[in-house]
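Structural overview for review
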Amino acid sequence: MPDAAEAGLPSLPQDNSFREARWSTPFGIPPFEQIAPEHYQPAFEAALAAHATEIDAIAAETAPATFANTVAAMERAGQALERVAGVFYNLTGSHTNPELQAIEREIGPKLARHGSAIYLNPQLWARISAVDAEAEGLGPEERRVLDRYRIRFRRAGATLEPDAKTRIAEIAARMSELGTKFSQNLLADESSFTLPLETEDDLAGLPPFLRAAARSAAEERGLEGHVITLSRSLIEPFLVFSTRRDLRERAYAAWTRRGENGGETDNRAIAAEIIQLRAERARLLGFDSFAHFALDDTMAASPDAATGLLRDVWTPARARAGDERDRLQAAIQDEGHNFTLQAHDWRHYAEKVRRAEHDLDESEIKAYLPLERMIQAAFDTASRLFGLTFEELADVPRYHPDVRVWRVGNPDGSEVGLFLGDYFARATKRSGAWMSAFRSQERLNGPITPIIVNVMNFAKAPEGESTLLSFDDARTLFHEFGHALHGLLSDVTYPLLSGTAVARDFVELPSQLYEHWLEQPEVLRTHARHHQTGEAMPDALLQKLLAARTFNQGFATVEYTASAIVDMTLHLSAEGEAGLDVPAFEAEALRRISMPAEIGMRHRTPHFAHIFSGDGYAAGYYSYLWSEVLDADAFDAFREAGDIFDPETAKRLRTFVYGAGNLRDPREAYTAFRGRMPSIEPLLKKRGLAA
Ligand SMILES: [Zn+2]
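All values reported here derive from a predicted model rather than from experimental measurement.

1. A word on the nonpolar core
If you look at the biggest cluster of nonpolar residues, it comprises 144 residues, and the most contacted ones within it are Y423, L485, Y514 and W517. No fewer than three residues from each of domain 3 (264-360 + 552-621) and domain 4 (371-536) sit in this core. Setting aside anything within four residues of it in sequence, one finds L485 in contact with A382, F386, L388, S490, Y514 and Y658. Counting 30 residues, the second largest nonpolar core, distinct from the first, contains L48, V403, F438 and I451.

Written as structure tokens, this is what we have:
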């Protein structure tokens, strides 16, 4: 147990607690309750200085460059910085405040300049280049790390002339500022909007769970009555159930105009500048466009390969969406209306048609998908596949009272790591769902077990009631837990290769593959149970749910693929013109692919955080579809084995995918698991788009 002086305040920044190898809290979990906003600035300063000293020493080393004195030394350096940034950036996403936001704006460019100073350091690059893998007889993991370092340095500009390097560093610092501003603007637009539902008439059509969630959202904001916010878990069901077309239109307009409302929080000029800077950086590095630069280090390897896949899916998806639209329009006519279906009507009439065609009711399903049972379902699946155990911990620090913590163990009782679940939407959290690490697995600095978090945005049920998930919500929970397992099961020596540090069009394989288990009757029969009676989901309902799986997939595929195509188109433009009119560019890109007018993009450009909050998914939103080709094919391996928990297949999956981090090139990793590369057919079949 920690003693008060060690873990306590106000000594945290002064004694450099961030620098210790491990916090003296249980499991070395960050002492959240004792970290105050004012601690970050000095902790960052100290950690940056410490890292810079370590790097300078590595670069100034006079002995011949070896893997140990160069690459391994770099892998050992910067631990304090990892720890400070790990805590800080997790909280700015999931539980931020104006103080943290101010630090975020200031520290981002400093971190960018720090990174540039390392990657553009000529002495350091000379030493990394000089390491001789053959002469040293390095093993496969060491060779992979060395290779990845060289790729990273080259992509960061290590081989450029001094002038170009200076410009690259300026761009990196400016990009960091812009990315932070983009996210903060988006959060401001999302948390400032509420649609008040004041009368019974305003609540027309809303089932009890949604009324309760709208009530909770109002309470959280200190408001009376009910409100709809722009959290996906509120707005999507509102668009499904509300019979008030005027309110659906208002809510939809606000939702799709995030980042585009003029004034302080407008993201259009920011997006344009980011696009321009990315294009300039790509040119400096010798690439035709940012898309060419980004794709160069992926499994797809070229924009052509990625756009080829998007095109292969777009045509059948668009045709399918056309059929869906006709059915929805007919449903409008059947109700005696004569208006033309619009984007804010789609979800509402899709639900009606689904009910009519599949006799399936969203609120009936939700009653069998309480959050607690779905968490257990995700855990149980991991137990059956990988033998993991989960024990909830009561007395450990947490950054918000809603956060839950589990110790994850192996069958022999040894510790795999910690898993944090942060499930509910709140005004201090950005939208979406994600996995992140407070600490990543590695062995170089002693056996380090990971601390992984899943962050969701489910609408919290009122006190004393069960939070009920939609099937989509449950799928998101499984998706993020798949990412969590990728972090938890990681079994590598070097931090650089740990967990999810893989090509980004491979990183969605572990997450999307995991979703398949949720859809198995065997899993649903065990875990989908009524929140009040505990009874299993009736078989008839289960069959209907599974039969309706490909319902509305034209819509889902079109809204996603449109965003992926716009992302790629924005980043293929070689010039990266100044002052790009982002919405006009988007409209033109959509016109060229004949985007159906009744379907909105899943993410419009001014709020497309995936591609503008950082470089993570820039020219990379296609990755979900790319990974889906893999996951659809990968799950077939279990089907072919005749057992969805087949131990042999699960073992290969753990060795080559979930546990392997970035030990291998993604094509090699997939082939090692499956014996061959995948084809697109299982994906088309899964989405109901096969000819
Ligand atoms: Zn994901």
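2. A few points about helix 26 (residues 623-641)
Taking 1.5 Å of rise per residue, the 19 residues of helix 26 would be expected to cover 27 Å, and the 28 Å separating its terminal C-alpha atoms lies within 8% of that figure. Most of helix 26 is tucked away, with 16 of its 19 residues classed as buried. G642, located one to two residues past helix 26, shows a positive phi value of around 80°.

3. Some remarks on the pattern of salt bridges
Enumeration over the complete set of coordinates arrives at 57 salt bridges. Residue E190 is joined to R258 by a salt bridge in which the shortest nitrogen-to-oxygen separation is 2.8 Å. With E190 in helix 9 (residues 162-192) and R258 in the loop between helix 12 (245-256) and helix 13 (268-284), this residue pair connects regions lying 68 residues apart in the sequence. The residue D201 makes a salt bridge to R244 at a minimum N-O spacing of 3.6 Å.

4. Quick look at the sheet that holds strand 4 (residues 404-409)
Overall, mixed pairing links the five strands, which are arranged 3-4-5-7-6 in an open sheet. The open sheet terminates on both sides in strands that have one partner only, identified here as strand 3 (389-393) and strand 6 (434-439). This sheet shows a mean twist of 25° between the axes of neighbouring strands, independent of strand direction. The pairing of strand 4 with strand 5 (residues 415-424) spans six bridges and is classified as antiparallel. Residue pairing in the sheet places V408 in a bridge with G417 of strand 5. Strand contacts of helix 4 (residues 79-94): strand 5, strand 6 and strand 7 (451-458), with the helix running at about 150° to strand 6, the strand carrying the most contacts.

Rules used throughout
- Residues numbered from 1 in each chain as written.
- Predicted model: local features only at pLDDT ≥ 70, side-chain atom pairs only at ≥ 80, totals over all residues.
- Heavy atoms only, no water.
- Core = buried A, V, L, I, M, F, W, Y, C linked by side-chain atoms within 4.5 Å.
- Buried < 20%, exposed > 50% of the residue type's maximum accessible area, 1.4 Å probe, protein only.
- Domains from an automatic or database assignment.
- Contact = heavy atoms within 4.5 Å.
- Helix = DSSP H or I, 4+ residues; strand = E, 2+ residues; numbered from the N terminus.
- Expected span 1.5 Å × (residues − 1).
- Salt bridge = Lys/Arg side-chain N within 4 Å of Asp/Glu carboxyl O.
- Pairing = 2+ DSSP bridges.
- Axes fitted to C-alpha atoms, helices over the stretch in contact; angles between N-to-C directions.

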